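# Tertiary structure, described
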Amino acid sequence: MASVTLSGVTKRYEDVTAVNEMNLEIDDGEFVTFVGPSGCGKSTTMETIAGLTLPTGGTIEIGGREVTDLPPKDRGISMVFQNIALFPHMDVYDNISFGLRLRKYEQEEVDRRVDEAADIVQLNEMMDQPDAFLMDEPLANLDAELKVHMRTQLQRLHRELDTTIVYVTHDQAQAMTMSDRIAVMNRGVLQQVAPPLECYNEPANRFVAGFIGSPAMNFLKGEVVDGGFESQYTDVDFDPAAHGVRPGRGVTAGVRPEDIYLERAAEEAESPTKPFDAVVDVIEPMGSEVFVYLLFDRDVETSAEGRGEGQLLINLDPDTEVTEGDDVRVVLDREKTHLFDRESGDAITHSLE
Amino acid sequence: MSDRPVADGGSTADGDPTVEMAEQAERDEPDLDRGVFEAWAAKAISNPNRAYRATFYVATIFFLVTTLFPFYWLFVIAMTPRNALSTTGVLTPGGTPRAAVDLPLIDAALSVPVGLGPINPGSFVDIFQTLPFHRYVFNSFLIATVATVAVLFVGSLAGYVFGRLDFRGRNPLLLLVLVTSFFPPAAFFIPLNRLFNANVDVLRPLISAGSLYNTPYAIFIPLSAIFLPLAIFILMTFYSQIPDGLEDAARVEGTTRIGALFRVIVPLSAPGVATAGVLTFISVYNEYFFSSLMTDGQPGNWAPMLEGTLRFQGEFEVLYNLMAASSIVAVLPVAILVVVAQEKIVSGLTTGAVKE
C-alpha cells in the first residue's frame, strides 16, 4: 500500500501531447478513477504510472519512492488490462502463479497463494500484494449486467484489500459509483479532481459538467445582463454582482435534467424561475423516470448530433402525463443552475440563488 | 479420341427439337450413345466436383511420384551390389544377371535375363565402415543445430524490435536487412575464405591453428548470417501480431522486455518460430557451397555430411551404391524433424502468408 504522486508528468509523441503537466496526489488506500473521452490521455497516464511508457517530463513517486525511470517490475504495482487477463499458452495454475514464479517465491508459498486466489478472488493480478493496483478499463468487455455486478464486487475488494487503486474508464457511471475521487481528463489536461458528487454538483468547468452525469446537463448560450441571464429562448433573474460577474459577459448556463420542472410541479424546485413555453418533442420512458426532450419553439431544428441550441432535456416523474406535441410550461431551479464563462468554460457559479 | 466430338455433334445435330433436348439434358442424357470418357465428361459438366476431384488426384499422384521417386531410386541403387549396378531396373534392385544363349543356325549368342540378382542391404553398414560417415552426419547436424539456435535467438531479438517497436529509421533498417539477403552467397565466399584462412592471434588460445578454416565456425558463421534475414522477416510478422496487452501484463507481473519476449511472445508465436527454425535447419544442413569449401574434407576437421557422400567417389571408381545409401541416411534427420514439426510449419507458413 502506498500513495502515488504525479508531478508535472508530460507525455509528448512526435506531434501530439498526450498528457500535459499532470499533477496529482493519490493517497494511500484511495480509489481514484481517471475518466474522460477516448484519446484524452487517461490510459497514457496510467501507462506512465505502470512504467510501460516513460514520460517525456515530470516525476512519478509510488510510496514516496521515485520510480520515474524504473521498469514496471520494480515499481510494486499490479495491473489489470482491458482485453487480456490470461496468457493463452499457459494453464490456470501457470497463469495465476506467473508473477509469483517470476519473483522467485518458494514453491509452497506459490501453491498456498494460488489456492487462496482460486478460492476468493479471480484475478491473478491480486496475488503479489502490490503497493498499488492499476486497472485499465477492466470491465469494458463485460455485458451490462455483469458490469454492474462487478462494480459492487470491486468496491468490496477495495474495502477488503484496503489498497490504493487507480482505475481508468471512459464510463462516467463506473467512475461515479466506485471512486473516492474522480480525475476528469480532456485532451491531456486534468480538468478536475474531486469526489464524485462534487464533480457532479460543482463541476469545475463546462467540460466536466457535460461529461459527468447521464443524461448530460443542458446548456444555454447567453450573456449576463442587468439583473440576470438572458439567452435567445429564456432568461433567469439573478443578481450579477453577488456572483462577481458584470453585465455584458458571455456565459453559458447549465441545468441538469432533474432540475427542470413542469410549471404545475414548480413548487418542488427550491427556487423556481418564471415559467417559459416549450413543446414536447420526444418522450423516453425509462420506468423509474421519463426523459422528455423539449423544444423552445416549433421552429427549432433538431439534428442527429445531439442536443443543440433550443433543445432541453428534462427528467420527469414516470406518472407525469405528457404526450408528444404538447405545449408545456417549464421552470428551472435557480438554486441548481450553473454559469460557465463562454470563452474559457470555467465555472463562475453553481447556484444563481 | 479425335473422332468422338464429330460423332457427338452428329448425334445432337440430327436429334429432336430443342425442348426435348433440354429434357434429355435434365435426365443426365442417359440415352445418348457415348464412349466412357464422354459420358464421364458429361457428368463432370453437370457436377463439376467430379472434375475437381479427378484433377486433385492427378495432381497429387504427379507430385508424389516426382518427389518420392528419386528416393525410391536411391534406395534401389543402395540395395544393388556394386557389380550389378549396370543391370539395375526400377523393379529389380539386385540387378538382372544374364546368360548367353547360343542361337541355332547363325553364329551368335543372345544375352537373356535369367532371374534376379541378390540384393545387398549391407551398403547401409558399409558406409559407416569404409568411412566414419556417422561423424560427417554428426558434424552437419551439430552445425545446423547451432546455426538454427543462433538464428532464432538473434532473429527473435531483431523480429521483436522490427515487429513491435516504432522507431525512427525502422523501415530503412528493415530494407537493409532485406538487401543483404539478396546478395549471392558466392560473392561472400572468396573474402570469407581468405579471412577464415588468415591466422588471427586473438583466436589462438581458442582454436589451435588460430584460423577458422577447418572449424565448425567457418561454416556456421556465414550460413547463419545468410539465413538470418528470412528468419527475421518470418518472426517479425508473427511477433507483431501478439496483442500489446499480453506483453504489458507480463512486464507488470515482473518480467523485463526480453523476459516478456521469451516467456510470452515466443511461446505464443510457436508456429512462426518452428517455421523459421525448420527452414534454417534444412537450409544449413543441405547447404553445398560453404560446406564443401570451408574445410579440407576430413571428418575430424568438422567436414559436413556432404563431404562424406562425396568421399565415396574415388579416383578410379565411384561407389554409387554407397553414395546412395549415405544420401538416404543423411536425409533421415531432416525427415524426422519435418515430421515432428509438420503441423506447426504448415500453420506457420499459411499464417505468415495471409497476414502481412
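Residues numbered from 1 in each chain as written. Chains lettered and ligands numbered in written order. Predicted model: local features only at pLDDT ≥ 70, side-chain atom pairs only at ≥ 80, totals over all residues. Heavy atoms only, no water.

This paragraph deals with the interface of chain B and chain A. It is common to report an interface's size as the accessible area lost on association of the parts. Facing the 18 residues of chain B at the interface are 21 residues of chain A. Interface area, chain B with chain A, both sides summed: about 1,700 Å², of which 68% is carbon and sulfur. Inspection of the chain B/chain A interface yields 0 salt bridges. Where chain B meets chain A, there are 0 residue pairs in polar contact (both at pLDDT 80 or more). (Contact = heavy atoms within 4.5 Å. Buried area = accessible area lost by both parts, 1.4 Å probe. Salt bridge = Lys/Arg side-chain N within 4 Å of Asp/Glu carboxyl O. Polar contact = N/O pair within 3.5 Å; in protein donor to acceptor, adjacent residues only side chain to side chain.)

Attention shifts here to the packing of helix α10 (residues 244-252) of chain B against helix α11 (residues 257-268) of chain B. Residue and element names in this part refer to chain B. Contact pair α10 / α11: the axes reach a minimum separation of 9 Å and the direction vectors enclose 135°. Between α10 and α11, the angle is such that the two are oblique. Two packed elements cross with a definite hand, and for α10 against α11 that hand is right-handed. Residue-level inspection shows L246, E247, A250 and R251 of α10 in contact with α11, the latter providing R257, A260, V264, I265 and L268. (Axes fitted to C-alpha atoms, helices over the stretch in contact; angles between N-to-C directions. Helix = DSSP H or I, 4+ residues; strand = E, 2+ residues; numbered from the N terminus. Parallel < 35°, antiparallel > 145°, perpendicular 65-115°, else oblique. Left-handed = near helix turned anticlockwise from the far one by under 90°.)

The next point concerns empty space enclosed by the protein. All names here are of chain B. As enumerated under the stated definition, the model contains 2 cavities of 30 Å³ or more in all. Taken as a whole, the largest cavity spans an internal volume of roughly 40 Å³. Elements represented by at least two residues in the lining of the largest cavity include exactly α6 (133-164) and α12 (270-286). Looking at the lining of the largest cavity residue by residue, the class counts come to 5 nonpolar, 2 polar and no charged. (1 Å grid on protein atoms, 1.4 Å probe; cavity = no way out; pocket = protein on both sides within 12 Å on 5 of 7 lines; lining within 4 Å. Points joined across faces, edges and corners; volume = space filled by probe spheres on them. Nonpolar A, V, L, I, M, F, W, Y, C, P; charged D, E, K, R; others polar.)

Turning our attention to the sheet that holds strand β19 (residues 327-332) of chain A. All names here are of chain A. Spatial ordering of the open sheet is given by β15-β19-β16-β17-β18, a layout of 5 strands whose pairing is antiparallel. Because the sheet does not close on itself, it has two edges, and the strands there are β15 (260-262) and β18 (311-316). Here the strands of the sheet are splayed against their neighbours by 45° on average, with no regard to which way each runs. As paired strands, strand β17 (residues 290-295) and β18 are joined by 6 bridges and run antiparallel to one another. (Pairing = 2+ DSSP bridges.)

What follows is about the pairing of strand β8 (residues 164-169) of chain A. Residue and element names in this part refer to chain A. Summarising burial for β8: 6 of the 6 residues are buried, a large majority. Relative to β8, strand β3 (residues 31-35) runs parallel, the two being bridged by 5 bridges. Along β8, the bridge assignment pairs F34 with V168. Sheet analysis places strand β7 (residues 132-136) next to β8, joined by 5 bridges and oriented parallel. Residue pairing in the sheet places L134 in a bridge with V166 of β8. Between the parallel elements β7 and β8, the chain passes through helix α4 (residues 144-161) in a crossover that is right-handed. (Buried < 20%, exposed > 50% of the residue type's maximum accessible area, 1.4 Å probe, protein only. Right-handed = clockwise from strand over helix to strand, strands pointing away.)

Residue and element names in this part refer to chain B. One can describe the packing of α6 onto α11 by two numbers: an axis separation of 11 Å at closest approach and a directional angle of 100°. In terms of their interaxial angle, α6 and α11 are classed as roughly perpendicular. Contact with α6, carried on its side by F153, S156, L157, Y160 and R164, involves R257, L261, F262, I265 and V266 of α11 and no other residues of that element. Its residues placed into classes, the contact of α6 with α11 shows 7 nonpolar, 1 polar and 2 charged.

Residues and elements named next belong to chain A. With respect to the secondary-structure elements, K336 resides in the loop between β19 and β20 (338-341). Using a relative accessible area of 33% as the deciding quantity, one classes K336 as partly exposed. Apart from the residues lying within four places of it in its own chain, the contact partners of K336 are G254, D259, E270 and H350.

Attention shifts here to a nonpolar patch on the surface. Taken together, the side chains of B:F56, B:Y57, B:I61, B:V65, B:F69, B:Y72, B:W73, B:V90 and B:L91 define a hydrophobic patch exposed on the protein surface, amounting to about 910 Å² of accessible area. With respect to the helices and strands, B:F69 occurs in helix α4 (residues 48-79). (Patch = residues over 30% accessible without salt bridge, like charges linked within 9 Å, V, L, I, M, F, W, Y side chains within 5 Å. Areas by Shrake-Rupley, 256 points an atom, 1.4 Å probe, with all protein chains shown as cover.)

Residue and element names in this part refer to chain A. Mapping K42 onto the fold places it in helix α1 (residues 42-50). Comment: no salt bridge for buried K42; closest opposite-charge side chain is E137, at 4.2 Å. Polar side-chain contacts of K42 include one of 3.2 Å to the backbone oxygen of G36. Every residue in contact with K42, bar those within four places of it in the chain, is listed here: F34, V35, G36, P37, E137, V168, T169, H170 and M185. (Lys, Arg positive; Asp, Glu negative; His and termini not counted.)

Residue and element names in this part refer to chain A. Strand order in the open sheet formed by 6 strands is β13-β12-β11-β14-β20-β21, with antiparallel pairing between adjacent strands. At either margin of the open sheet sits one strand with a lone partner, and together these are β13 (235-237) and β21 (347-349). Across the sheet, the mean angle from the axis of one strand to that of its neighbour is 35°, orientation sign disregarded. In this structure, β20 lies alongside β21, joined through 2 bridges in antiparallel fashion. The residue bridging L339 from the neighbouring strand is T349, located in β21.

As a further point, take unusual backbone geometry. Residues A:S214 and A:P215 are joined by a peptide bond in cis, for which omega reads 0°. The backbone of B:W302 shows a phi angle near 65°, a positive value even though the residue is not glycine.

Our focus in this paragraph is the pattern of salt bridges. All names here are of chain A. According to the stated counting rule, one finds 11 salt bridges over all chains in the structure shown. One salt bridge in this structure joins R181 and E30, with 2.6 Å as the shortest N-O distance. In this pair, R181 sits in strand β9 (residues 181-186) while E30 sits in the loop between β2 (17-26) and β3, placing the two residues 151 residues apart along the sequence. Grouping residues by exposure puts R181 and E30 together as buried.

Right, let's get into the layout of surface pockets. In this structure, the largest pocket encloses a volume near 780 Å³. Around the largest pocket, the lining comprises 32 residues; the ones closest to its centre are A:L52, A:T53, B:D248, B:R251 and B:R257. Every element with two or more residues in the lining of the largest pocket is listed here: α1 of chain A together with α6 and α10 of chain B. Ranked by the residues each element gives to the lining of the largest pocket, the list is headed by α10(B), at 5 residues. Counted by class, the lining of the largest pocket contains 11 nonpolar, 8 polar and 13 charged residues.

Treat this as a map of the structure, not an account of what it does.
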